[in-house]
Every structure is written in C-alpha cells, then in structure tokens.
Amino acid sequence: GAGVSQSPSNKVTEKGKDVELRCDPISGHTALYWYRQSLGQGLEFLIYFQGNSAPDKSGLPSDRFSAERTGGSVSTLTIQRTQQEDSAVYLCASSLRTARETQYFGPGTRLLVL
Amino acid sequence: GESVGLHLPTLSVQEGDNSIINCAYSNSASDYFIWYKQESGKGPQFIIDIRSNMDKRQGQRVTVLLNKTVKHLSLQIAATQPGDSAVYFCAENRGIQGAQKLVFGQGTRLTINP
C-alpha cells in the first residue's frame, strides 16, 4: 500500500510569513508524529497524535508552532511568523498504534525561510 | 544529560567488507531500539529493531546487537554494497508509561568505497 506522504516537498518562504505543512499517514495508522531535522543533525521530536488528540506536544519549540489532525488521518503542521532558524526538514511518521512499533517516515518537507 | 549518541560521525569501508556502526545510550529504562537508514534527500527508512529482552536480532545482511550491561547498541552490515551508503541513526523508546516519542542519535555517515 501507499506509504506516508508529505506536501509540499519543498517550501521557500519569507521571514514573517505563515506556512502549512501536510502529512498523509499510512491508512489505518492511528499514531502520527512530527519531527524536525536541521542540516546534518538528528531528528528532533515535535508532537505526537493518537487519533485526533495530541497527548504529547512537548517538542514544539515555541507557540508559533501548532499542529492538528482531522478524521484520524491527515495532519497539518503550521508555523506562524516564520524565522530563519525554522529552516529545516520537517518529517512526518506514522505507526499502527504506538511508538513501540515501527514508525514509517515520509520524505519530508524542506523548508527554507529567507 | 540523557542522550542517545554515536561513537563515530563518519565511517568508510570497502565494498564487500562488513561494517559496524555503534550507538550508546544512557537511560537504563530504554527497552526498545531501532536503526534507521537515511539516504540523501529522503526520509529515514526502518532497518531493524530490537527489544530489551533480546541480545541479538538478525535481518537480511544486518544484525543488531544489544548490550544492556554497558548500554551499547550496534548495527552490523555484512558484505556492504554501494547502496548501503547513507546516514544511519539509532533511536530509542524509553519505556516510560505513555511516552510515545523516539529519541534519535546524531547519526553516522557510512561511505562505501568501490
């Protein structure tokens, strides 16, 4: 079946603009995760969804970052008033139920804030 | 602080040789470990996982070893091929009730020389 998909694949924006990043998880996966990967770095956890609820938002770096998930499927990560330090690859993953099962990653959205 | 880290940031091996990538973790409560492979411009790809009730697990050309005594994890790749060139990340789930995120190491870049 289809894997995790993300859109757009690349996004260039100006400082101060808002951006929305989309994630379509694997069908039937109830758990969804957002990570951020800065150049040459490991993955930094942002937020976890179980269904449409986000029980763990501990990784969101500031209140400019928010995310939602609707219908237990698609998720949107929104960054308001983007800053240059927000430039990174934003990765989405899904797993069947929990983080103690395999997380499957999408290809990521490469965000560049000028 | 607690971390999942790698001993070497880069590793070069000759095609056909075996490679070993190492990872150290500091949280003795961690009980689920995963290795991911990330090729340039792509999201992480699951390779193999291991739970703390095991010391060794084998896949196709890959073996993961877990030494809980010294909190060490390794990934062995047999008969390396050019397609094995990538960055390899270890990740852990710390087994905390309700904890649903993976903690990733910084990654090791593996280069296969022809």
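This one's a predicted model, so the numbers in the text were calculated from it and none came from an experiment. (Residues numbered from 1 in each chain as written. Chains lettered and ligands numbered in written order. Predicted model: local features only at pLDDT ≥ 70, side-chain atom pairs only at ≥ 80, totals over all residues. Heavy atoms only, no water.)

**Here we look at the overall build of chain A**
Our working rule: Each helix is a run of H or I in the DSSP string that is no shorter than four residues. Each strand is a run of E no shorter than two, and both are numbered from the N terminus. As defined in this context, the radius of gyration uses C-alpha atoms, and a globule is described by 2.2 Å times the residue total to the power 0.38. Note on exposure labels: buried denotes an accessible area under 20% of the residue type's maximum, exposed denotes more than 50%, and partly exposed covers the range between, all computed with a 1.4 Å probe on protein chains only. Accessibility throughout is a Shrake-Rupley quantity obtained with a 1.4 Å probe, and a residue counts as covered only by protein chains that appear here. Within this scheme the basic residues Lys and Arg register as positive and the acidic residues Asp and Glu register as negative, but His and the chain ends are omitted. Charge coordinates come from a single atom per side chain, which is NZ of Lys, CZ of Arg, CG of Asp or CD of Glu.
Looking only at helices and strands, chain A features zero helices and eleven strands. N-terminal to C-terminal, the α/β element order of chain A is β-β-β-β-β-β-β-β-β-β-β. By the compact-globule yardstick of 13 Å for 114 residues, chain A fits well, its C-alpha radius of gyration being 13 Å. Judged by the C-alpha coordinates and their principal axes, chain A covers about 35 × 25 × 25 Å. Expressed as a percentage of the 114 residues in chain A, the buried residues total 48%. Here chain A displays about 5,300 Å² of accessible surface, and carbon together with sulfur accounts for 47% of that area. Averaging the locations of the 12 positively and 11 negatively charged side chains of chain A gives two centres separated by 2 Å.

**Looking at the packing of aromatic side chains**
The cut-off we apply is this: The criterion for an aromatic pair is that two Phe, Tyr or Trp rings (for Trp, the six-membered ring) have centres within 6.5 Å, with stacked assigned to planes under 30 degrees apart, edge-to-face to planes over 60 apart and tilted to the rest. Placement of a charge over a ring requires the Lys NZ or Arg CZ to be within 6 Å of the ring centre, with the centre-to-atom vector within 35 degrees of the ring normal.
Scanning the model with the defined rule gives eleven aromatic pairs over all chains in all. Their ring planes at 90 degrees and their centres at 5.2 Å tell us that Phe105(A) and Tyr36(B) sit as a pair that is edge-to-face. Placement of Phe105(A) in strand β10 (residues 104–105) and of Tyr36(B) in strand β4 (residues 32–38) is noted, with the two residues assigned to different chains. Classification of Phe105(A) by relative accessible area gives buried; the value is 11%. Ring geometry for Tyr36(B) versus Phe46(B): centroids 6.3 Å apart, planes at 80 degrees, classification edge-to-face. Taken as a pair, Tyr36(B) in strand β4 and Phe46(B) in strand β5 (residues 45–51) lie far apart in primary sequence, ten residues in all. Through a chain of ring-to-ring contacts, three or more aromatic side chains come together here, namely Tyr33(A), Tyr35(A), Phe45(A), Tyr48(A), Phe105(A), Tyr36(B), Phe46(B), Phe89(B) and Phe104(B). The side chain of Arg51(B) reaches across the aromatic face of Tyr32(B), ending 4.2 Å from its centre.

**Let's talk about the pairing of strand β3 (residues 19–24) of chain A**
Residues and elements named next belong to chain A. Let me state the cut-off plainly: Here the rule is simple: two strands pair whenever DSSP picks up at least two bridges between them.
Residue alternation in β3 divides its side chains into a buried set, Val-19, Leu-21 and Cys-23, and an unburied set, Glu-20, Arg-22 and Asp-24. Note: strand β1 (residues 5–7) against β3, three bridges, orientation antiparallel. Residue pairing for β3: Ser-7 is matched across the bridge by Arg-22. By the bridge criterion, five bridges tie β3 to strand β8 (residues 75–79) in an arrangement that is antiparallel. The residue of β8 that forms the bridge with Leu-21 is Leu-77.

**Here we look at unusual backbone geometry**
A cis amide bond links Ser7(A) with the next residue in sequence, Pro8(A), at an omega value of -10 degrees. One non-glycine residue, Arg81(A), adopts positive backbone phi at about 45 degrees. Structurally, Arg81(A) can be placed in the loop between β8 and β9 (88–95). On the accessibility criterion, Arg81(A) (42% relative accessible area) is partly exposed. Non-glycine residue Lys71(B) carries a positive phi angle of around 55 degrees. Following the sequence through the fold, Lys71(B) ends up in the loop between β7 (62–67) and β8 (72–77).

**So, the nonpolar core**
So the rule is basically this: Residues belong to one nonpolar core when they are buried, are Ala, Val, Leu, Ile, Met, Phe, Trp, Tyr or Cys, and are joined through side-chain atoms within 4.5 Å. We call two residues in contact whenever any of their non-hydrogen atoms come within 4.5 Å of each other.
Ranked by internal contacts, the top residues of the largest apolar core, which has 20 residues, are Ile21(B), Trp35(B), Leu73(B), Leu75(B), Tyr88(B) and Leu110(B). Leu75(B) has contacts with Ser19(B), Ile20(B), Ile21(B), Trp35(B), Ile47(B), Ile48(B), Val62(B), Thr63(B) and Tyr88(B), leaving out every residue within four places of it along the chain.

By themselves, these figures tell us nothing about what the structure is for.
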